[in-house]
Amino acid sequence: MRRPRGEPGPRAPRPTEGATCAGPGESWSPSPNSMLRVLLSAQTSPARLSGLLLIPPVQPCCLGPSKWADRPLGGGPSAGPVQGLQRLLEQAKSPGELLRWLGQNPTKVRAHHYSVALCRLGQLLGSRPRPPPVEQATLQDLSQLIIRNCPSFDIHTIHVCLHLAVLLGFPSDGPLVRALEQERRLRLPPKPPPPLQPLLRGGQRLEAALSCPRFLRYPRQHLISSLAEARPEELTPHVMVLLAQHLARHRLREPQLLEAIAHFLVVQETQLSTKVVQKLVLPFGRLNYLPLEQQFMPCLERILAREAGVAPLATVNILMSLCQLRCLPFRALHFVFSPGFINYISGTPHALIVRRYLSLLDTAVELELPGYRGPRLPRRQQVPIFPQPLITDRARCKYSHKDIVAEGLRQLLGEEKYRQDLTVPPGYCTDFLLCVGSSGAVLPVRTQDPFLPYPPRSCLQGQAASSPTTRDPAQRVVLVLRERWHFCRDGRVLLGSRALRERHLGLMGYQLLPLPFEELESQRGLPQLKSYLRQKLQALGLRWGPEGG
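Now for a quick tour of the structure.

Conventions we followed
Counting from 1, residues in each chain are numbered in the order their sequence is written. Where totals are concerned, whole chains, interfaces and linings use all residues; where local detail is concerned, this predicted model gives features only for residues with pLDDT of at least 70, and gives and counts side-chain atom pairs only at 80 or more. The basis for the side-chain values is all heavy atoms of the structure; hydrogens and waters are excluded. Labels follow the DSSP assignment, with helices taken as runs of H or I lasting at least four residues and strands as runs of E lasting at least two, numbered in each case from the N terminus. Burial classes: relative accessible area under 20% of the type maximum marks a residue as buried, over 50% as exposed, and values in between as partly exposed (1.4 Å probe, protein chains only). A contact between two residues is defined here by any heavy atoms of the two lying within 4.5 Å. Computed with the Shrake-Rupley method and a 1.4 Å probe, the accessible areas treat only the protein chains shown as cover for residues. Expected span of a helix: the number of residues minus one, times 1.5 Å. Arc definition: it is the arc formed by the directions from the helix axis to the C-beta atoms. For helices, the fitted axis covers only the stretch in contact; all axes are lines through C-alpha atoms, and the angles between them, taken along N-to-C directions, range from 0 to 180 degrees. Should an angle lie under 35 degrees it is considered roughly parallel, over 145 roughly antiparallel, and from 65 to 115 roughly perpendicular; all remaining angles are considered oblique. Helix crossings fall into two classes, left-handed where the near helix is turned counterclockwise from the far one by less than a right angle and right-handed where it is turned clockwise. Working definition of a nonpolar core: buried Ala, Val, Leu, Ile, Met, Phe, Trp, Tyr and Cys residues. They are joined through side-chain atoms within 4.5 Å. Pairs of strands are assigned from DSSP output, requiring at least two bridges between the strands. A crossover gets the label right-handed when its path from the first strand over the helix to the second runs clockwise, viewed with the strands pointing away from the viewer. Salt bridges are defined by distance alone: a side-chain nitrogen of Lys or Arg within 4 Å of a carboxyl oxygen of Asp or Glu. When the centres of two rings from Phe, Tyr and Trp lie within 6.5 Å, Trp using its six-membered ring, the rings pair. Their planes under 30 degrees apart give stacked, over 60 give edge-to-face, and anything left gives tilted. Geometrically, a lysine NZ or arginine CZ counts as sitting over a ring once it is within 6 Å of the ring centre and also within 35 degrees of the ring normal.

**What to know about the overall build of the chain**
So, point 1. Counting its regular elements, the chain contains 25 helices and 7 strands.
So, point 2. Counting only residues that meet the buried cut, the chain has 48% of its 549 residues in that class.
So, point 3. Sequence-distant contacts in the chain: of pairs separated by 6 or more residues, those separated by 24 or more amount to 72%.
So, point 4. Summed over all atoms, the accessible surface of the chain reaches about 28,100 Å², with 55% contributed by carbon and sulfur.

**Description of the environment of Leu145**
So, point 1. Considering the arrangement of structural elements, one finds Leu145 in helix α7 (residues 136–149).
So, point 2. In sequence terms Leu145 and Tyr114 are 31 residues apart; their C-alpha atoms lie 8.8 Å from each other.
So, point 3. Not counting residues up to four positions away in its chain, the partners in contact with Leu145 are Leu99, Leu102 and Tyr114.

**A word on α7**
So, point 1. Here α7 spans 20 Å end to end across 14 residues, near enough to the 20 Å set by a 1.5 Å rise per residue.
So, point 2. Restricting attention to buried positions, one finds in α7 the residues Thr138, Leu139, Leu142, Ser143, Leu145 and Ile146. Mapping the buried residues of α7 onto a view down its axis gives an arc of 160°, with all of them on the same face.
So, point 3. Summarising the contacts, the buried residues of α7 are in contact with α5 (95–104), α6 (111–125) and α9 (175–186).

**A look at the packing of helix α8 (residues 155–167) against α9**
So, point 1. Contact geometry of α8 with α9 gives a least axis separation of 10 Å together with a crossing angle of 150°. As far as their axial angle goes, α9 and α8 are roughly antiparallel. As for how α8 packs across α9, the hand of that crossing is left-handed. Contact residues: Ile155, Ile158, His159, Cys161, Leu162 and Ala165 in α8; Leu176, Val177, Leu180, Glu181, Glu183 and Arg184 in α9.

**So, the nonpolar core**
So, point 1. By size, the foremost hydrophobic cluster in this structure holds 77 residues, and its most contacted members are Leu243, Leu265, Leu328, Phe337 and Leu358.
So, point 2. Counting residues in hydrophobic clusters, the runner-up holds 35 residues, among them Leu98, Val109, Leu124 and Ile146.

**Regarding the side chain of Arg501**
So, point 1. Counting through the fold element by element, Arg501 comes out in helix α23 (residues 496–507).
So, point 2. For Arg501, the contacting residues outside a window of four places in its chain are Tyr428, Cys429, Thr430, Asp431 and Val480.

**Thoughts on the environment of Phe386**
So, point 1. Turning to its location among the elements, Phe386 is positioned in the loop between α19 (351–368) and α20 (391–395).
So, point 2. Taking the C-alpha atoms as reference, Phe386 lies 9.9 Å from Pro425; in sequence the two are 39 residues apart.
So, point 3. With near-sequence residues (within four places) excluded, Phe386 lies in contact with Leu360, Thr423, Gly427, Tyr428 and Cys429.

**A short note on the pairing of strand β6 (residues 475–482)**
When a strand is regular, its side chains alternate between the sheet's two faces.
So, point 1. Counted residue by residue, β6 has 6 buried out of 8 residues, so it is predominantly covered.
So, point 2. Where β6 meets strand β7 (residues 511–516), 6 bridges bridge the pair, whose relative direction is parallel. Each bridged residue has a counterpart across the sheet, and for Val477 the counterpart in β7 is Gln511.
So, point 3. A crossover links β6 with its parallel partner β7, the connecting element being α23, and its sense is right-handed.

**A closer look at the environment of Thr138**
So, point 1. Checked against the element boundaries, Thr138 lands in helix α7.
So, point 2. A residue is classified by how much of its surface remains accessible, and Thr138, at 9% relative accessible area, is buried.
So, point 3. If we skip the residues at most four places from it in the chain, Thr138 touches Pro95, Gly96 and Leu99.

**Section: the pattern of salt bridges**
Oppositely charged side chains can form a pair if their charged atoms are brought close together.
So, point 1. Under the criterion given, the structure shown has 17 salt bridges.
So, point 2. A salt bridge links Lys402 to Asp421, with the shortest nitrogen-to-oxygen separation between them at 2.7 Å. Of this pair, Lys402 sits in helix α21 (residues 402–412) while Asp421 sits in the loop between β1 (419–420) and β2 (423–424), placing them 19 residues apart in sequence.
So, point 3. Residue classification places Lys402 among the buried residues on the basis of a relative accessible area of 15%.
So, point 4. By relative accessible area, Asp421 is classed as partly exposed at 31%.
So, point 5. Measuring nitrogen to oxygen at the nearest pair gives 2.8 Å for the salt bridge that ties Arg484 to Glu521. Placement of the pair is Arg484 in the loop between β6 and α23 and Glu521 in helix α24 (residues 517–521), with a sequence separation of 37 residues.
So, point 6. Judged by relative accessible area, Glu521 falls into the partly exposed class, the value being 35%.
So, point 7. Salt bridges sharing common partners tie together Glu269, Arg302, Arg306 and Glu307.

**Brief notes about the side chain of Ser321**
So, point 1. One can find Ser321 in helix α16 (residues 312–324).
So, point 2. In this view, Ser321 contacts Val281, Leu282 and Gly285; residues no more than four positions away in its chain are not counted.

**Overview of the packing of aromatic side chains**
So, point 1. By the definition in use, this model includes 6 aromatic pairs.
So, point 2. Here the aromatic rings of Tyr114 and Phe153 are separated by 5.3 Å at their centres, their planes lie at 35°, and the arrangement is tilted. Placement of the pair is Tyr114 in helix α6 and Phe153 in the loop between α7 and α8, with a sequence separation of 39 residues. Here the two residues Tyr114 and Phe153 agree in accessibility, since each one is buried.
So, point 3. Cation over ring: Arg492 sits above Phe487, and NZ or CZ is 4.1 Å from the ring centre.

**A word on helix α15 (residues 296–307)**
So, point 1. Between its first and last C-alpha atoms α15 spans 17 Å; for 12 residues at 1.5 Å apiece the expected length is 16 Å, and the two agree.
So, point 2. All of the buried residues in α15 are Phe296, Met297, Cys299, Leu300, Ile303, Leu304 and Glu307. On an axial view of α15, the arc spanned by its buried residues comes to 160°, and they lie on one face.
So, point 3. Contacts from the buried residues of α15 go to α13 (255–267), α14 (274–286), α16 and α17 (330–336).

Below, the structure is given as structure tokens:
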């Protein structure tokens, strides 16, 4: 007797409950953590099952008619039969019924019906009170049906079916997942072939590496080997400027590379402008490195004598680097302190920064060049050198030890016996300043003039006119934080600007108490830090509290 169309046929004999699905000729069972094992456990609530399968609990399938029914594959004329088949799939009572609806209606099946069938399969396996048994042959036939038709799927349907197949526990190396994954890859846009990299020689390799923003900070051997392989004509000013900027930016005090820059500057002296020279000289001052090249200083003196008036800011920048190296040429100082040069720079956009640099050069002359007899910067033109903490300290304040040291001093000495971030003449910002009497007692700062007289030549006159609130001539102790970024990388050499600051403070009469970052980092908590500070201060003979006055 012929069965009416659309009516489910007789059910095939079911295997025992818990049977598993496999591809043709192979056995398969769900992995211990697979979704199918969770679904087969019959302990999963409908709400949890819906959450696992990303299906809303109320609506049986998230791929409803509004999403797919009006888009029959191949441009079919009517959506009615397509919607009808979708409803039949959504209402199927067993996996075998799902397979029959898909197999008996080939003209009505669209690509999205297979994802609907997989959704319904997951709901059936998690149904209460007792899920239907899994029919191995049925799941194999369903897998083969999807495999045969997946070449006609669009990319969205492939993604949905692949996602559901994985959630249901189909093995990743099984035929269904492999077929869907292959179709997914075929629909990916082709990747353009990588551009051919030209063969670069030493100078070109060096320039390409230094120009790359992702270049590592520690490529010493790469830089050295590229420099060694480069021919002399390949080492252009542009390449050497990039190298100098790289070393200065990352605080890399590499003697071999710095000597190469110094030699290049000497060899190319007549071909280099002052603006290029200032960039080549920058790492020497910043890294506090005086090259062994004997013609380095004579070469710079000739360049400054020849082109000092061409680029005023570049000239002052060169002198700033030489100031950090304690190698200031008198002839260049005569020029930058001359009334004509000072009047010229006063009308330029960079007048303030040049005046600040000239003020620092004048301080260096005052403190470090007693034999200089040339012109000096007029007092009315002088400005504070560094009136606030340096930019690097402000940028790294969250990594600094300044706050915890301040708290340690507050608890140890009291707030009235130290000053933080005080700028002393001629414009150096100190970390912490203490006033100490001749007996070693730490005095309240408010009762003392915290500043030592500047210039130091008037020091004796300043001591004669003692402070009106005390007859005890106070000594000034400056606690200097030496943070990790105050040094050249991987070394114990202070950066040029830091060494210059400490050197000048010492020459002005301040007693320095360095606090190295290694010692600060080894203190675990505020109690240890207070003990550390107490030992440091007592080592200088300082007293405070009831016994110290």
